[in-house]
Amino acid sequence: MEGKMKKVNEKDVPFKHGKSGSKYLFNEQKFSGGVAYLDPGDEIKLHGHDDETEIFYFVKGAPVFMSGDNEIRVAQGDSYLVPSGEKHGIKNDTGAVVQMTFLKIKEK
């Protein structure tokens, strides 16, 4: 491939942990992002990023999005912007696979 453009197909990228969860398609100096699949019962525990703003877009499914002390039922097509330092997590308490994209923008 010529030039500086990069191409990645998610089928060529392994999950970060096991058989579900995050697949980082790009991990660059100023940002990282990819896709994630949460099987029924999967959970991304409450956590935060001190130097990254994170954006989520929910392609498929209706998990619970946790932000601070709030729990919000996601609808397909919802998007959330989580500022750096804010604790967040996602739990799939449904009977279907959740599909989402994420983008982490580094602030430093």
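First things first, this report covers the structure right here in the doc. (Residues numbered from 1 in each chain as written. Predicted model: local features only at pLDDT ≥ 70, side-chain atom pairs only at ≥ 80, totals over all residues. Heavy atoms only, no water.)

### Digging into the overall build of the protein
Counting its regular elements, the protein contains zero helices and nine strands. Each helix (α) and strand (β) of the protein, taken in turn from the N terminus, gives the series β-β-β-β-β-β-β-β-β. In terms of C-alpha radius of gyration, the protein reaches 14 Å, essentially the compact-globule figure of 13 Å for 108 residues. Across its three principal axes, the protein shows a C-alpha extent of roughly 45 × 30 × 25 Å. In the protein, which comprises 108 residues, the proportion classed as buried is 32%. Expressed as a percentage of contacts within the protein between residues at least 6 apart in sequence, the contacts between residues at least 24 apart total 61%. Accessible surface, the protein: about 6800 Å² in total, of which carbon and sulfur atoms supply 52%. Positive and negative charge centroids in the protein, built from 16 and 17 side chains respectively, lie 5 Å apart. (Helix = DSSP H or I, 4+ residues; strand = E, 2+ residues; numbered from the N terminus. Rg over C-alpha atoms; globule rule 2.2 N^0.38 Å. Buried < 20%, exposed > 50% of the residue type's maximum accessible area, 1.4 Å probe, protein only. Contact = heavy atoms within 4.5 Å. Areas by Shrake-Rupley, 256 points an atom, 1.4 Å probe, with all protein chains shown as cover. Lys, Arg positive; Asp, Glu negative; His and termini not counted. Charge placed at Lys NZ, Arg CZ, Asp CG, Glu CD.)

### Here's the deal with the packing of aromatic side chains
Under the defined criterion, the tally for this structure stands at seven aromatic pairs. With a centroid separation of 5.4 Å and an interplanar angle of 70°, the aromatic rings of F56 and F65 are classed as edge-to-face. For F56, a relative accessible area of 4% corresponds to the buried category. Between F58 and F65 the ring centres are 6.2 Å apart and the planes differ by 85°, which places this aromatic pair in the edge-to-face class. Comparing F58 with F65 shows no difference in burial state: the two are buried. Between K23 and the ring centre of F15, over which it is positioned, the NZ or CZ distance is 4.7 Å. (Phe/Tyr/Trp six-rings, centres within 6.5 Å; stacked < 30°, edge-to-face > 60°. Lys NZ or Arg CZ within 6 Å of the ring centre and 35° of its normal.)

### Structural notes on the environment of G61
With respect to the helices and strands, G61 occurs in the loop between β4 (52–60) and β5 (64–67). When the C-alpha atoms of G61 and K30 are compared, they prove to be 29 Å apart, with 31 residues separating the residues in sequence.

### Some remarks on the pattern of salt bridges
Overall, the coordinates contain five salt bridges when judged by the stated rule. Residue E43 is joined to K45 by a salt bridge in which the shortest nitrogen-to-oxygen separation is 3.8 Å. Note on E43: relative accessible area 36%, which makes it partly exposed. For K91, the salt bridge identified is with E71, shortest N-O distance 3.4 Å. (Salt bridge = Lys/Arg side-chain N within 4 Å of Asp/Glu carboxyl O.)

Shape descriptors only; they carry no functional weight alone.
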